[in-house]
Amino acid sequence: VREGRVKINGKVAEMGERVKFGDRVTLDGKLVRWEVLALTDSDFEAGEQFTYVKYYKPAGVVCTTDTRIRNNIIDRISHPDRIFPVGRLDKDSTGLILLTSDGRLPNAVLRSGRKHDKMYNVIA
């Protein structure tokens, strides 16, 4: 994006610009199929719109949807849609975490049978 290589609907994208369902996104002139996610659950219909939020979690924020817990990630983000974190970061950890209204994503990523490697960068 910083280098001007990404376009949204033919216009050079700006940092932080939101992409909506149906937008055409290209990188170096090639279409990026960002909306495509294989269906893994028959409860969802193709084309259903979901919310995806990238959030850089600061230390002290708790990765829980339980709003009774002080300083929880849901209250911190205050998004109008019902979203939940994909995975978790410890309260004292910082880092990028994805939140979504799409129940397929955490199931596809986090199920133990999927055997995805996890990488942590610990700085002491």
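What you see is a predicted model; the values in this text were computed from it and never measured. (Residues numbered from 1 in each chain as written. Predicted model: local features only at pLDDT ≥ 70, side-chain atom pairs only at ≥ 80, totals over all residues. Heavy atoms only, no water.)

Further remarks concern the overall build of the protein. Each helix and strand in the protein was counted, giving 2 helices and 7 strands. Starting at the N terminus, the α and β elements of the protein follow one another as β-β-β-β-β-α-β-β-α. Buried residues in the protein amount to 27% of all 124 residues. Contacts spanning at least 24 positions in sequence make up 39% of the contacts within the protein whose residues lie at least 6 apart. (Helix = DSSP H or I, 4+ residues; strand = E, 2+ residues; numbered from the N terminus. Buried < 20%, exposed > 50% of the residue type's maximum accessible area, 1.4 Å probe, protein only. Contact = heavy atoms within 4.5 Å.)

Checked against the element boundaries, Asp23 lands in the loop between strand S2 (11-12) and strand S3 (25-27). For Asp23, the side chain forms a polar contact with the side chain of Asn9, separated by 3.0 Å. (Polar contact = N/O pair within 3.5 Å; in protein donor to acceptor, adjacent residues only side chain to side chain.)

Across the sheet, which stays open at both edges, the 3 strands sit in the order S5-S7-S6 with antiparallel pairing between neighbours. In this open sheet, the two edge strands, each paired with only one partner strand, are strand S5 (52-57) and strand S6 (84-85). (Pairing = 2+ DSSP bridges.)

This part covers the pattern of salt bridges. All told, the structure shown has 5 salt bridges when counted by the stated rule. Put simply, Arg5 and Glu3 hold a salt bridge, and the shortest N to O gap is 3.2 Å. Residue class for Glu3 comes out exposed when judged on its relative accessible area of 63%. (Salt bridge = Lys/Arg side-chain N within 4 Å of Asp/Glu carboxyl O.)

The next thing to look at is the pairing of S5. In S5, alternate side chains face the same way, and those of Val53, Tyr55 and Lys57 are buried while those of Tyr52, Lys54 and Tyr56 on the opposite face are not. Of the pairings in the sheet, the one linking S5 to strand S7 (residues 95-100) comprises 6 bridges and is antiparallel in character. The residue of S7 that forms the bridge with Tyr56 is Leu96.

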